[in-house]
Amino acid sequence: MKDSLKTLRVSIINERGEVLFDNRTDSSALENHLERPEVIKALQNGVGESERVSDTLGEITYYYAMRLGNENILRLALTSHNVTAILYTFVPIAILCLALSAGIAFVVARRLTQRIIAPINNINLDAPELNEYEELVPLLKKIETQKQEISMQLAETRQRSETILTITGSMQEGLLLLNEKGNVLLANESALHILDIDDAVGKNVIVLCRDLPFFEHAKACLNGQKSEGILQRNECIYQVLFNPVLEEESVGGAVVLLIDVTDKYAAETQRKAFSANVSHELKTPLTTIAALSEMISDGTAKDMDVRPFAQKILLQSRRLIYIIDDIIKLSAFDEAAFQKEFTPFNLYGLANTVISSLQENAEEKNVAITLKGDEELTLTANMRMIDELLYNLLDNAIKYNREGGHITVSLTDMEGSVRISVTDTGIGIPKAALDRVFERFYRVDKSRSKKTGGTGLGLSIVKHVAEFHGGSVRLESEVNVGTTVVVDIQH
Ligand code: ADP
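As a starting point, this report considers the structure included with it. (Residues numbered from 1 in each chain as written. Predicted model: local features only at pLDDT ≥ 70, side-chain atom pairs only at ≥ 80, totals over all residues. Heavy atoms only, no water.)

**A few points about the nonpolar core**
Stage number 1. Among the nonpolar cores identified, the biggest contains 52 residues, and Leu 347, Ile 386, Leu 411, Ile 420 and Val 487 are the most heavily contacted of them.
Stage number 2. Aside from chain neighbours lying at most four places away, what touches Leu 347 is Leu 377, Thr 378, Leu 379, Ile 386, Leu 390, Leu 411, Val 418 and Ile 420.
Stage number 3. Among the nonpolar cores identified, the runner-up in size contains 23 residues, and Ile 194, Ala 218, Val 240 and Val 256 belong to it. (Core = buried A, V, L, I, M, F, W, Y, C linked by side-chain atoms within 4.5 Å. Buried < 20%, exposed > 50% of the residue type's maximum accessible area, 1.4 Å probe, protein only. Contact = heavy atoms within 4.5 Å.)

Below, the structure is given as structure tokens:
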């Protein structure tokens, strides 16, 4: 009540609207109130009331005017706040209260959580029954069972990975397992050896091998394509097989296999070179034969040329036969490699027979042949092959000898092997050609060799026969002095 009185405004206004008294302010400073609705109503009806709202302050003022006996008007005014204004007053207090209670709640919640969580954190999973919360016992038992299952699975996985390592470790082929990014998950001993590295696990395939095609193949494989390449390392050739590991739609990694194909590759290269050489060697005499026969048959050859042409045709045909004979021998020996049929025979006797078969050729060149060695010398080997070997060595020694030269054939029984050496006093072989004369179709002097009927296959046959018997062949030669071919045959 006291408070409302304090806020009550009392004014006395005369009938002209002038404010005679105001308990709040100096009445003379106030404007004329004749236009105020409550004053108008009081002048007309004796009493009047009205209310006015102040938007800015959110206040509402109620006016009550009453005409007094002396014609003056008494006006009372009471101002109260509207809802918004009240809210304005309470908002800061509410915010403060909220912040305070949030702070308290935070601290209390934190403390409580810590107190609840602490026993859970301190649970000993090895003795779950000792925990503070009885409610957690079933959960802890479940965890304990799962723990046991996990350790069993771990042991199983470890055993499996050890088995894989043992199997891959004994593989001759190199094996790499890559993940989808090309990082190595597993590399066996052979792979490490081939790639010449100590460790590969965790490394990317790009750092394992600097070979660009290898990397390109690996990249294609990790994109889901199966691919295959060749890798050359430390004088060995490896076939590399890249297989993607597909997991539904995506590539989960790759399996890389490195297989040593050095021998296969060399054989293949040799086979290709041999085929090319054979074609070339057969084509040359055939071209001559075709050309000469054509000239004879269409009459372009003069009568006087017919005979020499026919002789040339005969020579080239013989040459073809020699070459084909040698090729047949070589391939027959290749096949014989699978059936080592060795029989004991008298080597001295065999050498004598070969010398006799070539005696005519030797006499044509006035070359003398001496055979040295034990007449009873026996060798256990493939007789047909040794016959061929002796024939080729002696044939060369005669062909490449000088007029009136000499040949010595020595047969020596070494411990565990027999040595056959053929020495001539012929033209010799230049140092640069010493290693090459064993290559198929290689001839030091092609034109000379053609004249003497050489095919370039004789020494290849010799080497083939020696190696077939676990032996070896070597050459010592000096140009214009002579040549010695030494063959050791195991027996
Ligand atoms: P060819 O049938 O041409 O004699 P070979 O394989 O027997 O083929 O010999 C290869 C080459 O080695 C010959 O062309 C020849 O140049 C050389 N050669 C082989 N034996 C002798 C030798 N005793 N003296 C000199 N050169 C030889």
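**Description of a nonpolar patch on the surface**
Stage number 1. There is a patch of nonpolar side chains on the surface, built from Leu 100, Ile 104, Val 108, Leu 112, Ile 116, Ile 117 and Ile 120 and spanning about 610 Å² of accessible area.
Stage number 2. Checked against the element boundaries, Val 108 lands in helix H3 (residues 83–121). (Patch = residues over 30% accessible without salt bridge, like charges linked within 9 Å, V, L, I, M, F, W, Y side chains within 5 Å. Areas by Shrake-Rupley, 256 points an atom, 1.4 Å probe, with all protein chains shown as cover. Salt bridge = Lys/Arg side-chain N within 4 Å of Asp/Glu carboxyl O. Helix = DSSP H or I, 4+ residues; strand = E, 2+ residues; numbered from the N terminus.)

**Section: the pattern of salt bridges**
Stage number 1. All told, the structure shown has 17 salt bridges when counted by the stated rule.
Stage number 2. For Arg 52, the salt bridge goes to Glu 38, with nearest N and O atoms at 3.3 Å. Here Arg 52 is found in strand S3 (residues 47–54), whereas its partner Glu 38 is found in helix H2 (residues 37–45), with 14 residues between them in sequence.
Stage number 3. Beyond isolated ion pairs, a larger network of salt bridges with shared partners links Glu 38, Arg 52 and Arg 75.

**A few points about the packing of helix H11 (residues 383–399) against helix H13 (residues 458–468)**
Stage number 1. Interaxial distance between H11 and H13 falls to 9 Å at its minimum, and their mutual angle equals 145°. Our pair here, H11 against H13, has a crossing hand that is left-handed. Taking contact as the criterion, the partners of Met 385, Ile 386, Glu 388, Leu 389, Asn 392, Leu 393 and Asn 396 in H11 are, on H13, Gly 458, Leu 459, Ile 461, Val 462, Val 465, Ala 466 and Phe 468.
Stage number 2. Residues that form the contact of H11 with H13 fall into these classes: 10 nonpolar, three polar and one charged. (Axes fitted to C-alpha atoms, helices over the stretch in contact; angles between N-to-C directions. Left-handed = near helix turned anticlockwise from the far one by under 90°. Nonpolar A, V, L, I, M, F, W, Y, C, P; charged D, E, K, R; others polar.)

**Focus on the packing of aromatic side chains**
Stage number 1. As enumerated under the stated definition, the model contains three aromatic pairs in all.
Stage number 2. With a centroid separation of 5.4 Å and 65° between ring planes, the pair formed by Phe 214 and Phe 242 is classed as edge-to-face. With Phe 214 in helix H7 (residues 212–222) and Phe 242 in strand S9 (residues 236–247), the pair connects residues that are 28 residues apart, well separated along the chain. Here the two residues Phe 214 and Phe 242 agree in accessibility, since each one is buried.
Stage number 3. Considering the side-chain rings of Phe 342 and Phe 468, the 6.0 Å spacing of their centres and the 80° angle between planes classify their relative orientation as edge-to-face. Of this pair, Phe 342 sits in the loop between helix H9 (303–336) and strand S11 (343–346) while Phe 468 sits in helix H13; the two residues are 126 residues apart in sequence, bridging distant segments of the chain.
Stage number 4. Look at Phe 468 and you get buried, because its relative accessible area is 7%.
Stage number 5. Over the face of the ring belonging to Phe 274 we find Arg 440, whose NZ or CZ atom lies 4.9 Å from the ring centre. (Phe/Tyr/Trp six-rings, centres within 6.5 Å; stacked < 30°, edge-to-face > 60°. Lys NZ or Arg CZ within 6 Å of the ring centre and 35° of its normal.)

**Focus on the packing of helix H10 (residues 347–364) against H11**
Stage number 1. H11 packs onto H10 with a crossing angle of 40° between their chain directions and a minimal axis gap of 9 Å. For the element pair H10 / H11, the angle class is oblique. Crossing hand, H10 versus H11: right-handed. Between H10, through Leu 347, Leu 350, Ala 351, Val 354, Ile 355, Ser 357, Leu 358, Asn 361 and Ala 362, and H11, the contact on the second element is made entirely by Met 383, Ile 386, Asp 387, Leu 390, Tyr 391, Leu 394, Asp 395 and Ile 398. (Parallel < 35°, antiparallel > 145°, perpendicular 65-115°, else oblique.)

**Digging into H13**
Stage number 1. With respect to burial, H13 is a largely interior element, nine of its 11 residues being buried.
Stage number 2. Among all positions in H13, only Gly 458, Leu 459, Ser 460, Ile 461, Val 462, His 464, Val 465, Ala 466 and Phe 468 are buried.
Stage number 3. A positive backbone phi angle near 70° is found at Gly 470, which sits one or two residues after H13.

**Thoughts on the sheet that holds strand S16 (residues 472–478)**
Stage number 1. Reading across from one edge, S12-S14-S15-S17-S16 is the order of the five strands in this open sheet, with mixed pairing throughout. Of all the strands in the sheet, just strand S12 (368–373) and S16 have a single pairing partner and so form its edges. Each neighbouring strand pair of the sheet contributes to a mean axis angle of 10°, computed without reference to strand direction.
Stage number 2. In terms of strand pairing, S12 meets strand S14 (residues 406–414) through six bridges, oriented parallel. (Pairing = 2+ DSSP bridges.)

**Details of the sheet that holds strand S6 (residues 174–179)**
Stage number 1. As summarised here, the arrangement of the five strands in space is S7-S6-S10-S9-S8, forming an open sheet in which the pairing is antiparallel. What marks the edges here is a single partner per strand, and that holds for strand S7 (184–187) and strand S8 (227–233). Recorded for the sheet is a direction-independent mean angle of 20° between the axes of neighbouring strands.
Stage number 2. The pairing of S8 with S9 spans seven bridges and is antiparallel. Among the inter-strand pairings, Ile 230 is bridged to a residue of S9, identified as Gln 239.
Stage number 3. H7 contacts S6, S8, S9 and strand S10 (250–260) of the sheet and is inclined by roughly 20° relative to S9.

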